[in-house]
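Survey of secondary and tertiary structure
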Amino acid sequence: MPLIELKNICRRYKNGQVFINALEDINLSIEEGEFVSIMGPSGSGKSTLLNILGCLDRPTSGTYEIAGRHVEKMSDNMLADIRNQLLGFVFQSFHLLPDLNSIENVELPLIYRGLSGSARRKRATAALEAVGLKERIYHRPSQLSGGEQQRVAIARAIAGDPKLLLADEPTGALDSKNSESIMAIFQDLNTKRGITVIQVTHEKSVAEYGHTIFHLKDGKIEHIENVANVTI
Ligand code: ADP
Ligand code: ADP
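Residues numbered from 1 in each chain as written. Chains lettered and ligands numbered in written order. Predicted model: local features only at pLDDT ≥ 70, side-chain atom pairs only at ≥ 80, totals over all residues. Heavy atoms only, no water.

Per an unreviewed UniProt entry, the protein carries the name ABC transport system ATP-binding protein and comes from Tepidanaerobacter syntrophicus.

Right under this line is the structure:
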């Protein structure tokens, strides 16, 4: 059973009197352990697709199964449970809370899981270690570089032990050196922990860390590219 299965997914927005088909008849399945990149021009539906995959939005029609659960008809609360239990999110602009230090930022989503303070601290510390930030756990975002802030955001995304990591332009605010180190972390999470990764990116060099690239155009999957991965 694939981790993700989309069948005939359409997402239509209404803009005044005008309807826009942001996604048209998307069919795709993604196995557990995959690393997928989504590319495409602005307006091609990348964010819409990522929002549906991330259970932040619902399709207008079609079915979406994640880990065997149909999500298209779920209530908002059930969608929130799916996000908390199965998913981790990473964004272009990090979305860290400026008044909290690294470990507090990473602990935040764990509060909703009913873990004790010491269990949260233990998990958050391990997650920050996993992204190489052991020495920065008491720094606030303003005291960290962009690359370090994104690593804190990744630690926050993985602290809850997600099956699937969803990233929206994770390297969009970073230079190429930091981009590479973020991709090395994704690769590590994918190969060593088996976390499935789906990322949206504009950068071909970043997309090629994935095993597969979905090319979107006008709300459709125009082409699926298999990346010939070089084993390091
Ligand atoms: P991308 O991420 O590839 O730039 P989007 O998924 O953001 O593409 O957008 C796909 C299409 O849907 C675009 O035509 C966009 O203008 C439209 N769209 C996206 N979000 C909304 C919205 N909330 N309301 C109306 N139209 C939207
Ligand atoms: P960025 O510009 O950093 O890539 P955006 O602010 O555009 O990210 O957010 C991308 C999408 O994720 C948006 O549709 C937004 O509603 C959603 N989003 C943003 N922040 C969060 C969050 N903390 N948790 C869940 N979804 C979020």
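From this point, the discussion proceeds with the structure in view.
Here helix H5 (residues 146–158) crosses helix H6 (residues 176–193) at 20 degrees, and the two axes come no closer than 9 Å. It follows that H5 is roughly parallel to H6 by the angle criterion. As for how H5 packs across H6, the hand of that crossing is right-handed. Across the interface between the two elements, Gly-147, Gln-150, Arg-151, Ile-154 and Ile-158 of H5 pack against Asn-178, Ile-182, Ile-185, Phe-186, Leu-189 and Arg-193 of H6. Here the contact of H5 with H6 is composed, by residue class, of six nonpolar, three polar and two charged. (Axes fitted to C-alpha atoms, helices over the stretch in contact; angles between N-to-C directions. Helix = DSSP H or I, 4+ residues; strand = E, 2+ residues; numbered from the N terminus. Parallel < 35°, antiparallel > 145°, perpendicular 65-115°, else oblique. Left-handed = near helix turned anticlockwise from the far one by under 90°. Contact = heavy atoms within 4.5 Å. Nonpolar A, V, L, I, M, F, W, Y, C, P; charged D, E, K, R; others polar.)

So, on to the environment of Ser-75. Within the secondary structure, Ser-75 sits in the loop between strand S5 (69–70) and helix H2 (76–86). The partly exposed category is assigned to Ser-75, whose relative accessible area is 35%. Sequence-wise, Ser-75 and Ile-111 are 36 residues apart; in three dimensions their C-alpha atoms are separated by 22 Å. (Buried < 20%, exposed > 50% of the residue type's maximum accessible area, 1.4 Å probe, protein only.)

This part is about the environment of Glu-31. By secondary structure assignment, the location of Glu-31 is in the loop between strand S2 (18–30) and strand S3 (35–39). When the C-alpha positions of Glu-31 and Ile-137 are compared, they lie 34 Å apart, and in sequence the two are 106 residues distant.

So, on to the packing of aromatic side chains. Applying the stated rule across the entire model yields one aromatic pair. The interplanar angle of 5 degrees and the centroid separation of 6.1 Å between the aromatic rings of Phe-89 and Phe-91 together place this pair among those described as stacked. Residue classification places Phe-89 among the buried residues on the basis of a relative accessible area of 18%. Lying across the ring of Phe-19, Arg-12 places its NZ or CZ 4.9 Å from the centre. (Phe/Tyr/Trp six-rings, centres within 6.5 Å; stacked < 30°, edge-to-face > 60°. Lys NZ or Arg CZ within 6 Å of the ring centre and 35° of its normal.)

Turning our attention to the site of ligand 1. Taken together, Tyr-13, Asn-15, Ile-20, Ala-22, Pro-41, Ser-42, Gly-43, Ser-44, Gly-45, Lys-46, Ser-47 and Thr-48 make up the full set of residues adjacent to ligand 1. In this structure, Lys-46 approaches ligand 1 through a side-chain N or O atom, which is 2.8 Å from an oxygen atom. Here an oxygen atom of ligand 1 sits 2.8 Å away from a polar atom, N or O, in the side chain of Ser-47. Computed on the free molecule, ligand 1 has an accessible area of 560 Å², of which 64% lies beneath the protein chains in the complex. When contributions to the shell around ligand 1 are tallied by element, the ones reaching two or more residues are strand S1 (4–15), S2 and helix H1 (46–53). In terms of residue count, H1 provides more of the shell around ligand 1 than any other element does, three residues in total. Looking at the shell around ligand 1 residue by residue, the class counts come to four nonpolar, seven polar and one charged. (Near = heavy atom within 4 Å. Polar contact = N/O pair within 3.5 Å; in protein donor to acceptor, adjacent residues only side chain to side chain. Areas by Shrake-Rupley, 256 points an atom, 1.4 Å probe, with all protein chains shown as cover.)

Okay, the pairing of S2 next. Each regular strand displays side chains that alternate between the two surfaces of the sheet. Pairing analysis gives nine bridges linking S1 to S2, with the strands arranged antiparallel. Its bridge partner being in S2, Leu-6 is matched across the sheet by Leu-28. Where S1 folds back onto S2 in an antiparallel hairpin, the turn is made up of two residues, including Gly-16, whose phi is positive at roughly 65 degrees. (Pairing = 2+ DSSP bridges.)

Relative to the helices and strands, His-139 resides in the loop between helix H4 (117–130) and H5. Sequence spacing of His-139 and Asn-101 is 38 residues, and the spatial spacing of their C-alpha atoms is 5.1 Å. Dropping the residues within four chain positions of it, His-139 is found in contact with Asn-101, Ser-102 and Leu-144.

What follows concerns the side chain of Arg-156. Topologically, Arg-156 is positioned in helix H5. Apart from the residues within four sequence positions on either side, Arg-156 is in contact with Phe-94, His-95, Leu-96, Asn-105, Val-106 and Pro-109.

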